[in-house]
Amino acid sequence: HADMEYIDISDAGAFDSVSVKGGIDVTVAGSTETGSRGISYDKNVGAPEYSVKDGVLTVDASMLNDGVVVNLSSDDDTPELVISVPDETMKKLDVTSDYGDVDVSRVKLDEMTVSTEDGDIDLQDVDCSSVTLTTEYGDVDLERVTSDKLTAGTQDGDIDMSNVTCSGTVLTSEYGDIEGENIKSSGLSVKSQQGDVALQGEFSGTTDVYLACGDVELRTSMARDLYTIDAQAKSGEIGIGSGHHDWDEDDRHGQYESHGGRISTGSGQNILKIVNDLGDIDISFGK
């Protein structure tokens with residue numbers, strides 16, 4: 001049975017950056033109270049190593065994977081690092097995890113890099129200049145996030161965003177949906193192999209979407225005449241403004257040719273480029 005213990009690491013030394021590796025959950029949260037820092041772990045497995053040097057807290061749980069422990073209870077025996085940040089400000093968070101979830105909330109950082117093989121990544125109320133998030137078998141959930149540069153990628157997981165503001169954004173997924181609402185971007189690149197893409201918000205600059213299989217729905221609050229649009233559905237229908245076009249009508253009535261169909265329209269300074277190999281494209285404008 002899991003036998004969880006807790007190490008208080010508050011007296012390990014002052015730090016403003018965190019580096020974590022190995023199978024461990026990571027929770028970082030801003031707090032108005034005195035900061036607390038600790039590690040919970042299963043005594044049967046052993047405690048992760050930790051140290052503070054040059055303002056960096058390093059936590060290493062990778063050596064815990066060397067043995068085999070069978071947990072006969074229903075209790076979660078995954079070790080967890082919990083950090084409460086009283087001033088809500090950090091320089092850097094760097095996490096490389098075999099498995100384990102990463103949860104960051106109510107903090108401001110200069111840089112964040114999170115990579116997991118099997119774990120979810122959740123960000124809430126985060127202001128970070130540069131964010132890079134990668135997970136193989138996990139979901140990425142972003143809520144009220146502001147960033148100058150945001151990169152999020154999954155192999156077999158969904159990306160879900162709400163109230164995200166960023167200057168440049170790159171989203172990729174092999175097998176998962178990419179969804180978002182109230183997004184404000186000045187440069188967005190989306191690439192997915194299999195899964196739907198549904199995004200709503202204010203999209204300025206260049207918005208480039210490629211989808212191999214699935215449907216694309218893009219709803220922008222900006223007016224149609226602010227865009228130059230290049231949409232191509234190799235096997236599917238394209239709808240711009242209202243509803244899908246009937247492929248068999250002629251161009252004078254606003255309808256376009258069928259398979260391999262492509263629509264190039266508009267002369268606005270903002271670019272919408274959408275390519276869908278197998279599926280529909282639907283673009284709408286205005287509030």
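These figures come from a predicted structure and were not determined experimentally.

Here we take up the overall build of the chain. Helices and strands together make up the secondary structure of the chain, namely zero helices and 22 strands. Projecting the C-alpha coordinates of the chain onto the three principal axes gives extents of approximately 75 × 40 × 25 Å. Burial analysis of the chain (287 residues in total) assigns 44% to the buried set. Considering only contacts within the chain whose residues lie at least 6 apart along the sequence, 45% involve residues at least 24 apart. Total accessible area on the chain is roughly 13800 Å²; 42% of this is exposed by carbon and sulfur atoms. On the chain, the mean spot of the 19 positive side-chain charges and the mean spot of the 59 negative ones are 9 Å from each other.

The next point concerns the packing of aromatic side chains. Per the counting criterion, the structure on display carries one aromatic pair. The interplanar angle of 50° and the centroid separation of 5.8 Å between the aromatic rings of Tyr227 and Phe285 together place this pair among those described as tilted. Taken together, the positions of Tyr227 in strand 18 (residues 227-233) and Phe285 in the segment after strand 22 (281-284) put the pair 58 residues apart, joining distant regions of the chain. Both residues of the pair, Tyr227 and Phe285, belong to the buried class.

Next up on the list: the environment of Asp148. Take Asp148: it is sitting in strand 11 (residues 140-154). Classification of Asp148 as exposed rests on a relative accessible area of 51%. Taking the C-alpha atoms as reference points, Asp148 and Ser129, separated by 19 residues in sequence, lie 5.0 Å from one another. Every residue in contact with Asp148, bar those within four places of it in the chain, is listed here: Cys128, Ser129, Ser167 and Gly168.

Taken together, Val68, Val70 and Leu72 make up a surface patch of nonpolar side chains, about 380 Å² in accessible area. Among the secondary structure elements, Val68 is positioned in the loop between strand 6 (56-60) and strand 7 (80-85). Taking relative accessible area as the criterion, Val68 reaches 77% and is therefore assigned exposed.

Our next topic: the nonpolar core. Membership of the largest hydrophobic core comes to 66 residues, with the highest contact counts inside it found for Leu81, Met112, Leu123, Leu133 and Leu199. Among all residues touching Leu199, those that are not within four sequence positions of it are Met161, Ile178, Glu179, Gly180, Ile183, Leu188, Val190, Glu217, Leu218 and Arg219.

Attention shifts here to the pattern of salt bridges. Taken as a whole and assessed by the stated rule, the structure comprises nine salt bridges. Of the charged contacts, one joins Asp125 and Arg144 as a salt bridge, the two residues approaching to 2.5 Å between their closest N and O atoms. Linking Asp125 in strand 10 (residues 121-135) with Arg144 in strand 11, this pair joins segments that are 19 residues apart in sequence. Judged by its relative accessible area of 36%, Arg144 falls in the partly exposed class. Where Glu217 meets Arg219, a salt bridge forms, and the shortest distance between an N and an O atom there is 3.6 Å. A residue is classified by how much of its surface remains accessible, and Glu217, at 37% relative accessible area, is partly exposed.

A few words on the side chain of Asp60. Tracing the sequence through the fold places Asp60 in strand 6. Judged by its relative accessible area of 15%, Asp60 is buried. Reaching out from Asp60, the side chain makes a polar contact with the side chain of Ser62 at a distance of 2.6 Å. When neighbours within four sequence positions are excluded, Asp60 is seen to be in contact with Lys21, Pro48 and Glu49.

To continue, consider the pairing of strand 3 (residues 25-30). Most of strand 3 is tucked away, with five of its six residues classed as buried. Here strand 3 pairs with strand 9 (residues 102-118) via four bridges, running parallel. Note that in strand 9 the partner of Val26 across the bridge is Val102.

Another aspect to go through is the pairing of strand 18. The element strand 18 is largely enclosed, with a buried count of six among its seven residues. Relative to strand 21 (residues 270-276), strand 18 is paired through seven bridges, and the arrangement is parallel. Bridge pairing links Asp230 to Lys273 in strand 21. Note that strand 18 and strand 20 (residues 261-265) share five bridges and pair antiparallel. Looking across to strand 20, one finds that Gln232 is bridged to Arg262.

Glancing now at unusual backbone geometry. Phi is positive for Asp54, which is not a glycine, with a value near 55°. Tracing the sequence through the fold places Asp54 in the loop between strand 5 (49-53) and strand 6. Here the phi dihedral of Asn163 falls at roughly 55°; this positive angle occurs in a residue that is not glycine.

What follows is about the environment of Asp54. The exposure class assigned to Asp54 is exposed, which follows from its relative accessible area of 70%. For the pair Asp54 and Ala14, spaced 40 residues apart in sequence, the C-alpha separation works out to 8.9 Å.

Moving on, we come to the confidence of the model for the chain. The pLDDT averaged across the chain works out to 89; a share of 92% of its residues lies at or above 70. In the predicted structure, residues 243-259 sits below a pLDDT of 50 and forms 32 contacts with residues beyond four places in sequence or in another chain.

Reading guide: rules and limits
- Residues numbered from 1 in each chain as written.
- Predicted model: local features only at pLDDT ≥ 70, side-chain atom pairs only at ≥ 80, totals over all residues.
- Heavy atoms only, no water.
- Helix = DSSP H or I, 4+ residues; strand = E, 2+ residues; numbered from the N terminus.
- Buried < 20%, exposed > 50% of the residue type's maximum accessible area, 1.4 Å probe, protein only.
- Contact = heavy atoms within 4.5 Å.
- Areas by Shrake-Rupley, 256 points an atom, 1.4 Å probe, with all protein chains shown as cover.
- Lys, Arg positive; Asp, Glu negative; His and termini not counted.
- Charge placed at Lys NZ, Arg CZ, Asp CG, Glu CD.
- Phe/Tyr/Trp six-rings, centres within 6.5 Å; stacked < 30°, edge-to-face > 60°.
- Patch = residues over 30% accessible without salt bridge, like charges linked within 9 Å, V, L, I, M, F, W, Y side chains within 5 Å.
- Salt bridge = Lys/Arg side-chain N within 4 Å of Asp/Glu carboxyl O.
- Core = buried A, V, L, I, M, F, W, Y, C linked by side-chain atoms within 4.5 Å.
- Polar contact = N/O pair within 3.5 Å; in protein donor to acceptor, adjacent residues only side chain to side chain.
- Pairing = 2+ DSSP bridges.
- pLDDT = per-residue confidence, 0-100.

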